[in-house]
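Chains, contacts and geometry: an overview
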Amino acid sequence: MSFITNSSGGISLPTPTPVTVIFNSSGTWTCPSGVTSAAIVCKGGGGGGSGGSGNRAEGGGGGGASAANASVPVTPATIYTVTIGAGGAASSDGGSTTFTGDAATTVTAVGGKGASGITKGAGGTAAASTGTTKWTGGAGGEGVDTGGSGGAGGGEGAGSTADGNPGGNAVGANNVGQLGGSGGGDGGAGGSGGNYIGGNGELGLTPGGGGGGTAGFGVHGGVGADGRMFITYTQA
């Protein structure tokens, strides 16, 4: 370790630099030496947009929630499980992203709900998540049972400081797919709805964006995006 001489002639130790590890898939994290607390941020997976073969605009999937705890107790050399919520397939819910430290201190961000037909998927809720700071994912856009309509957009994944924005609702007899929610923070944008005729919903963006719904006679609802986890620590 190098030493720094301050203006008074004394010795000052350098300030430790925080380290952030980002997980985009499930795995494990080994706590480094000198670390007894970690800041955890979890983002749930996005729900899938609805797919179908009817002459209508399908609903968009909901974005995943965000949950955080700035001081999770951990023990050096201990191996901790990292679970990343998978994005939901068409009309399926996104998975939860979770980390459990010492003393059963858990941070969990639940996934967004999948859309069903023209019914939008709800965003993953702060109420169902676990942490000291929690935000709700954006709801997917609502579909319409009208021909010649573009699909609804998926909801935005929740940000670290704000709820996710909702996807655009489908508009009757408008063949343009509606945009997914975006712009609310560091959550992934929702996928846009498919364009009429036969347009498939677009994928949500990582982390936690909901998938877009299909347009008339489209087949594939957009898949929701996977969640993500951030582990930040400072070695003593």
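The structure this text deals with has already been given above.
Residues numbered from 1 in each chain as written. Predicted model: local features only at pLDDT ≥ 70, side-chain atom pairs only at ≥ 80, totals over all residues. Heavy atoms only, no water.

**What about the overall build of the protein?**
The secondary structure content of the protein amounts to 0 helices and 11 strands. Listing every helix and strand of the protein by position from the N terminus yields β-β-β-β-β-β-β-β-β-β-β. By principal-axis analysis of the C-alpha atoms, the protein measures approximately 80 × 35 × 25 Å. In the protein, 64% of the contacts between residues at least 6 apart in sequence involve partners at least 24 apart. (Helix = DSSP H or I, 4+ residues; strand = E, 2+ residues; numbered from the N terminus. Contact = heavy atoms within 4.5 Å.)

**A word on unusual backbone geometry**
Cis geometry marks the peptide bond from Thr206 to Pro207; its omega dihedral reads 5 degrees. Within the secondary structure, Pro207 sits in the loop between strand E10 (133–135) and strand E11 (228–233). Backbone geometry places Ala77, a non-glycine residue, at a positive phi of 75 degrees. When you line up the elements, Ala77 lands in the loop between strand E6 (66–73) and strand E7 (79–83). Owing to a relative accessible area of 63%, Ala77 belongs among the exposed residues under this scheme. Positive phi values are uncommon outside glycine, yet Ser91 reaches one of about 65 degrees. Classification of Ser91 by relative accessible area gives partly exposed; the value is 36%. (Buried < 20%, exposed > 50% of the residue type's maximum accessible area, 1.4 Å probe, protein only.)

**A few points about the nonpolar core**
Counting 21 residues, the largest nonpolar core has Trp29, Ile40, Val74, Val82, Phe99, Met229 and Ile231 as the members making the most contacts within it. The set of elements that each furnish at least two residues to this core consists of strand E5 (37–43), E6, E7, strand E9 (106–109) and E11. (Core = buried A, V, L, I, M, F, W, Y, C linked by side-chain atoms within 4.5 Å.)

**Brief notes about the sheet that holds E9**
On the basis of which strands lie adjacent, the open sheet formed by 4 strands has the order E4-E7-E8-E9 and antiparallel pairing. Of all strands in the sheet, those with a lone pairing partner are strand E4 (27–30) and E9, marking the two edges. Strand-to-strand twist of the sheet, defined as the mean angle between neighbouring strand axes without regard to direction, takes the value 15 degrees. With 2 bridges connecting them, E7 and strand E8 (residues 97–100) associate as antiparallel partners. The residue of E8 that forms the bridge with Thr83 is Thr98. (Pairing = 2+ DSSP bridges. Axes fitted to C-alpha atoms, helices over the stretch in contact; angles between N-to-C directions.)

**Concerning the sheet that holds E6**
Read across the open sheet, the 5 strands follow the order E3-E11-E5-E6-E10; overall the sheet is antiparallel. Edge positions in the open sheet fall to strand E3 (19–23) and E10, since each of these has one partner strand only. For this sheet, the mean angle separating the axes of adjacent strands, direction not counted, is 15 degrees. Two strands pair when backbone bridges link them, and E5 and E6 are joined in this way by 6 bridges, in the antiparallel orientation. Residue pairing for E6: Ile40 is matched across the bridge by Asn69.

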